[in-house]
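# Examination of the molecular architecture
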Amino acid sequence: SAVISQKPSRDICQRGTSLTIQCQVDSQVTMMFWYRQQPGQSLTLIATANQGSEATYESGFVIDKFPISRPNLTFSTLTVSNMSPEDSSIYLCSVESRGPGELFFGEGSRLTVL
Amino acid sequence: AQRVTQPEKLLSVFKGAPVELKCNYSYSGSPELFWYVQYSRQRLQLLLRHISRESIKGFTADLNKGETSFHLKKPFAQEEDSAMYYCALYSGTYKYIFGTGTRLKVLA
């Protein structure tokens, strides 16, 4: 299994500012995933982060808004840029530790934008 | 289009009653389906996958390709089963499609 630490666990931010969420895994993993979970909605994949290359973004998400870093095999960051109230959500870091079929998740970062 | 549908947002049952959480999917290939669970104040975690054909915490789920369903069942609900349940489809290349989730409340 993989243990994932995410921080911050929650934050309240002002419109127009940016916030960086950190994700640390206790083992080396090839891919790390960032999901968004808006209130009452499903988990939506934002992007997939592979070490040493640019992240791959899903439709509707762009690098300028959600820049991602993946400096090594155990760490990644997601920045939510120029925030608006619509960005209020839970952001989840995830890894696939044992091949297709088992995602491990961080505790999530609950972001509220005023 | 690839899709996972969980028609119930909330399901309330009494302790000891049978539980069935519905999940329907739309996928053109051979599906790999999973149930994830999130207990209060805990992180989202895998409950079971259809390939394993296992029973976890008394829960089972059978893939029905004819009805494109993967319903989660338990014969006798317990209070500790109260949680948020998500059905998920693995659509390949690290992509998972999640349903909107069903909150299960088991009443004493």
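Structure shown above.
Residues numbered from 1 in each chain as written. Chains lettered and ligands numbered in written order. Predicted model: local features only at pLDDT ≥ 70, side-chain atom pairs only at ≥ 80, totals over all residues. Heavy atoms only, no water.

Our next topic: the interface of chain A and chain B. On the side of chain B, 14 residues touch chain A, which itself brings 19 residues to the contact. In total, chain A and chain B occlude about 1700 Å² of area from one another, counting both sides; carbon and sulfur atoms represent 53% of this. Inspection of the chain A/chain B interface yields 3 salt bridges. Glu102(A) is paired through a salt bridge with Arg49(B); the nearest N and O atoms lie 3.0 Å apart. Elements with a contribution of two residues or more to the side of chain A that touches chain B: strand E4 (31–37), strand E5 (43–50) and strand E10 (103–105) of chain A. Here the element with the most residues in the side of chain A that touches chain B is E4(A); it accounts for 4 residues. (Contact = heavy atoms within 4.5 Å. Buried area = accessible area lost by both parts, 1.4 Å probe. Salt bridge = Lys/Arg side-chain N within 4 Å of Asp/Glu carboxyl O. Helix = DSSP H or I, 4+ residues; strand = E, 2+ residues; numbered from the N terminus.)

Our focus in this paragraph is the packing of aromatic side chains. All names here are of chain A. Summed over the entire model, instances satisfying the criterion amount to 10 aromatic pairs over all chains. Taken together, a centroid distance of 5.6 Å and an interplanar angle of 65° make the contact between Phe 61 and Phe 66 edge-to-face. A residue is classified by how much of its surface remains accessible, and Phe 61, at 8% relative accessible area, is buried. Note on Phe 66: relative accessible area 3%, which makes it buried. (Phe/Tyr/Trp six-rings, centres within 6.5 Å; stacked < 30°, edge-to-face > 60°. Buried < 20%, exposed > 50% of the residue type's maximum accessible area, 1.4 Å probe, protein only.)

The subject of this paragraph is the sheet that holds strand E3 (residues 19–25) of chain A. Adjacent strands of a sheet pair through backbone hydrogen bonds, lying either parallel or antiparallel. Residue and element names in this part refer to chain A. As summarised here, the arrangement of the 4 strands in space is E1-E3-E8-E7, forming an open sheet in which the pairing is antiparallel. If you trace the sheet from one side to the other, it starts and ends with strand E1 (4–7) and strand E7 (68–72), each paired once. Neighbour-to-neighbour, the strand axes of this sheet turn through a mean angle of 15°, independent of strand direction. By the bridge criterion, 6 bridges tie E3 to strand E8 (residues 75–80) in an arrangement that is antiparallel. When the bridges of E8 are listed, Gln 22 appears paired with Thr 77. (Pairing = 2+ DSSP bridges. Axes fitted to C-alpha atoms, helices over the stretch in contact; angles between N-to-C directions.)

The next subject is the state of the cysteines. What the rule picks out here adds up to 2 disulfides over all chains. Covalently, Cys23(A) is tied to Cys93(A) through a disulfide, its sulfur atoms 1.9 Å apart. With the S-S bond torsion at -70°, the cross-link from Cys23(A) to Cys93(A) turns out left-handed. Of this pair, Cys23(A) sits in strand E3 while Cys93(A) sits in strand E9 (residues 89–96), placing them 70 residues apart in sequence. Each member of the pair, Cys23(A) as well as Cys93(A), is classed as buried. The partner cysteine of Cys23(B) in its disulfide is Cys87(B), sulfur to sulfur 2.0 Å. Between Cys23(B) and Cys87(B) the sulfur-sulfur dihedral comes to about -65°; the bridge is accordingly left-handed. (Disulfide = S-S within 2.5 Å.)

This part is about the layout of surface pockets. By volume, the largest pocket is sized at about 830 Å³. At the level of secondary structure, the elements contributing two or more residues to the lining of the largest pocket comprise E9 and strand E11 (109–113) of chain A together with strand E9 (83–92) and strand E11 (102–107) of chain B. At 4 residues, the largest contribution of residues to the lining of the largest pocket is made by E11(A). Of the residues assigned to the lining of the largest pocket, the class counts are 9 nonpolar, 16 polar and 8 charged. Estimated volume of the second largest pocket: approximately 170 Å³. In this structure, the second largest pocket is lined by Ser42(A), Leu43(A), Thr44(A), Leu45(A), Glu58(A), Ser59(A), Phe61(A), Ser91(B), Lys95(B), Tyr96(B), Ile97(B) and Phe98(B). Those elements that provide at least two residues to the lining of the second largest pocket are E5 of chain A together with strand E10 (95–98) of chain B. Considered class by class, the residues forming the lining of the second largest pocket number 6 nonpolar, 4 polar and 2 charged. (1 Å grid on protein atoms, 1.4 Å probe; cavity = no way out; pocket = protein on both sides within 12 Å on 5 of 7 lines; lining within 4 Å. Points joined across faces, edges and corners; volume = space filled by probe spheres on them. Nonpolar A, V, L, I, M, F, W, Y, C, P; charged D, E, K, R; others polar.)

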